[in-house]
Amino acid sequence: MDLEKKEKKYTKAQLALVIAFCAVIGLCFILFLALPKQAGKLSPLEFRVLQDHPIKGKDAAALREDIVKGDLSSNVDSFLEDHFPARKFFVAANAYYLRATGRNAVQPVIMGRGDRLYDAPIDLRLKFYSYLEENEGCLEKFAADNGLEYGIVIAPNSALTSVSDLPKLHLEYPDAGIVDKLRQDTSAFVPDLVELYSSMEDDERYFYRTDHHWTMDGAHLCYRALCGILGVTPVEKSEFTVEEYEFYGSYYRKSGLWLTSPDKLEIWRSPKLDNMTVSIGPEVRATVHKGVYDEEKLKENEIDKYAAYLYSNNGLTVIENPEGNGEALMIIKDSYGNSIAPLFAMNYSTVIMIDTRGNYYQDAALPMPSELVAKYGVTKLLVIMGTESIVSNSQLIYLR
Amino acid sequence: MKKTVKIIAAVLALVFALSLAACRKPDPKPVDPTNAPVNDTTEAPATEAPAREYDVDELAKAIREGCTFEDQYVEKIEDRDFILRYYRIDAATVSEKDGAKEVASYSAGSTPDLVLVLKANDEAGAKAALEAVQAMIDSYIENYTTYGPEQINKLETAVKIVKGQLLVVVISADNDAAYETVDKLLG
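So, how was this worked out
Residues numbered from 1 in each chain as written. Chains lettered and ligands numbered in written order. Predicted model: local features only at pLDDT ≥ 70, side-chain atom pairs only at ≥ 80, totals over all residues. Core = buried A, V, L, I, M, F, W, Y, C linked by C-beta atoms within 7 Å. Buried ≥ 20, exposed ≤ 12 C-beta atoms within 10 Å, placed from the backbone. Contact = placed C-beta atoms within 7 Å. Pairing = 2+ DSSP bridges. Helix = DSSP H or I, 4+ residues; strand = E, 2+ residues; numbered from the N terminus. Axes fitted to C-alpha atoms, helices over the stretch in contact; angles between N-to-C directions. Expected span 1.5 Å × (residues − 1). Nonpolar A, V, L, I, M, F, W, Y, C, P; charged D, E, K, R; others polar.

S.K.: How do you make sense of the nonpolar core when you look at a structure like this?
M.R.: It is characteristic of soluble globular proteins that their nonpolar side chains tend to be buried jointly. Of all hydrophobic cores here, the largest spans 86 residues; its most connected members are Ile-154, Val-351 and Val-383 of chain A. The contact partners of Val-351 of chain A, leaving out residues within four places of it in the chain, are Ile-319, Leu-329, Ile-331, Ala-341, Phe-344 and Ala-345 of chain A. The next biggest cluster of nonpolar side chains, apart from the first, holds 46 residues, and it includes Val-115, Ala-135, Ile-161 and Val-170 of chain B.

Below, the structure written as structure tokens:
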């Protein structure tokens, strides 16, 4: 009798569990159907386009094609992932769980002390990061062919400027070895920025807390160090008016650590900067702006506020300062160059910026870099990049 | 009780149906992008009639004119050797006509919009060229993830067709329509 009662109780408990399980799944499914979707739209939190509706707008032939290729199930999967009820909560729950269990130290974005986020070290074993020697050779050849005195400025991973703030289990960063190799293999001057930033007492203000870029203070410190080498007098921070804008950077968007407090982006104002002309693209159809900042990107609802510096990344950008010293400086850069170049434009009459990573060589109307050297009478070149760009295929091989 | 069982069975069936979505093809973004698997190829059937001759310049031009691109300046890159160097395609594997490599490309400065048509010496050459182009597309995806996420979809859904010796790659504002256009042009 007792056994029968126990069995009945057990069966009821099992049934309750099954019903509860189905209820949770069913509720999620109903919520998934009922809640509004942002299909194909930009997620402001993660700064990526969410998966579009996998079926909507497709005719039978297109659907058949998707099924055959396996795209339909893949798209349905991505659509479910991107529109799962309370997705934001679950992503954060996972991120904070990893942090609580110490596993955040080996995630792509690491959280250190003081609400600071850092990038994981790059893995030089990957083919993707095996282009350092090729890039060195290309820069050496380009500088020699065009008679340029040049420097390679590697913006380090922000983690290296405050190693003591990282979780203890973090992986090793290879940045110092890369700088050493550049010094050994090239004729360029290569400043050690890790040492420069680490030697400062307030080393935390030189890189953003939630973004991979250097702050304006970080760019300015680097600029001051380079002015000594270039033989120009640095313009001090006191000569600018500083404005602050709240934003969340690239690390934040990838981390899932949504409770991190917002960062502050500084815009350094000066009548000289406002008076500069910025031309983007080939001369025949250049977009010309007055002033070095894209004011649209500073508006409250804009996600990527760093894009305000020099109108983001473009193949060719030429800054002209009517009050400059009559000389021209060429900068081959990634996005780190966008915030520091206006500081050099305070000294030089012309700053020519080339970003080879994206579409420089895809634009049939853009001149060869050597033609720009000849046109503007450039004698000095700066290569300003993050560690990741100098070891990747940044397409420096096509400098000619 | 029977009704309850039916409801549970129905819900479970629904759950199983949805879980089929897990049977997806592999993530298009590999850990090491330069070793990206290439699986978007359309091979010529073994029984097909002798391969039709295509003029790469004319075909590229027709694709440029027949597809919709975001950038209004999708223009022809005239330097054929440079196109091969840019995508790291082995020039020895590319067919020649009148002393010039059979490759034609239209591209843009502000978006990854692209038309690339190449005729290799053989199908293996066309597939190797596609791998090289895929590596470049993967590096674009890396860049645009941070600076232009709205471009990612068109990069991930790029039209990539290998038909015999011929390779066609199109990155446009509407890749589904571009696929149809290319399909028609290839006959």
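S.K.: Just checking my understanding: could you explain the sheet that holds strand E5 (residues 114–119) of chain B for this structure?
M.R.: Sheet strands associate in pairs through backbone hydrogen bonding, adopting either a parallel or an antiparallel arrangement. Residue and element names in this part refer to chain B. Pairing is antiparallel across the open sheet formed by five strands, whose spatial order is E1-E4-E5-E7-E6. What marks the edges here is a single partner per strand, and that holds for strand E1 (75–77) and strand E6 (159–163). The mean angle between the axes of side-by-side strands here comes to 15 degrees, regardless of whether they run parallel or antiparallel. Contacts from helix H2 (residues 56–66) reach strand E4 (103–107), E5 and strand E7 (166–171) within the one sheet, and its direction differs from that of E5 by about 160 degrees.

S.K.: Any chance you could explain helix H8 (residues 216–230) of chain A here in plain terms?
M.R.: Each full turn of the α-helix corresponds to 3.6 residues, which orients residues three or four apart in the same direction. Residues and elements named next belong to chain A. Look at H8: 20 Å from first C-alpha to last across 15 residues, which is about the 21 Å you get at 1.5 Å a residue. Regarding H8, the residues found buried are Met-216, Gly-218, Ala-219, His-220, Leu-221, Cys-222, Tyr-223 and Leu-226. Count one or two residues on from H8 and you reach Gly-231, which has phi positive near 80 degrees.

S.K.: In this structure, what is going on with the interface of chain B and chain A? I would like to understand it.
M.R.: Frequently, the measure chosen for interface size is the accessible area removed from exposure when the parts meet. On the chain A side, the residues contacting the 33 residues of chain B number 35 residues. Residue composition of the side of chain B that touches chain A, by class: 16 nonpolar, nine polar and eight charged.

S.K.: When you look at the pairing of strand E11 (residues 328–333) of chain A in this model, what are you seeing that I'm missing?
M.R.: Remember that side chains alternate between the two faces of the sheet whenever the strand is regular. All names here are of chain A. Among the six residues that make up E11, six are buried, leaving the element largely enclosed by the rest of the structure. Sheet analysis places E11 next to strand E12 (residues 350–354), joined by five bridges and oriented parallel. Within E12, the residue paired with Ala-328 across the bridge is Thr-350. Here E11 runs beside strand E13 (residues 380–386); their pairing, made up of five bridges, is parallel. The partner of Met-330 across the bridge, within E13, is Leu-381.

That is the geometry; function is a separate question.
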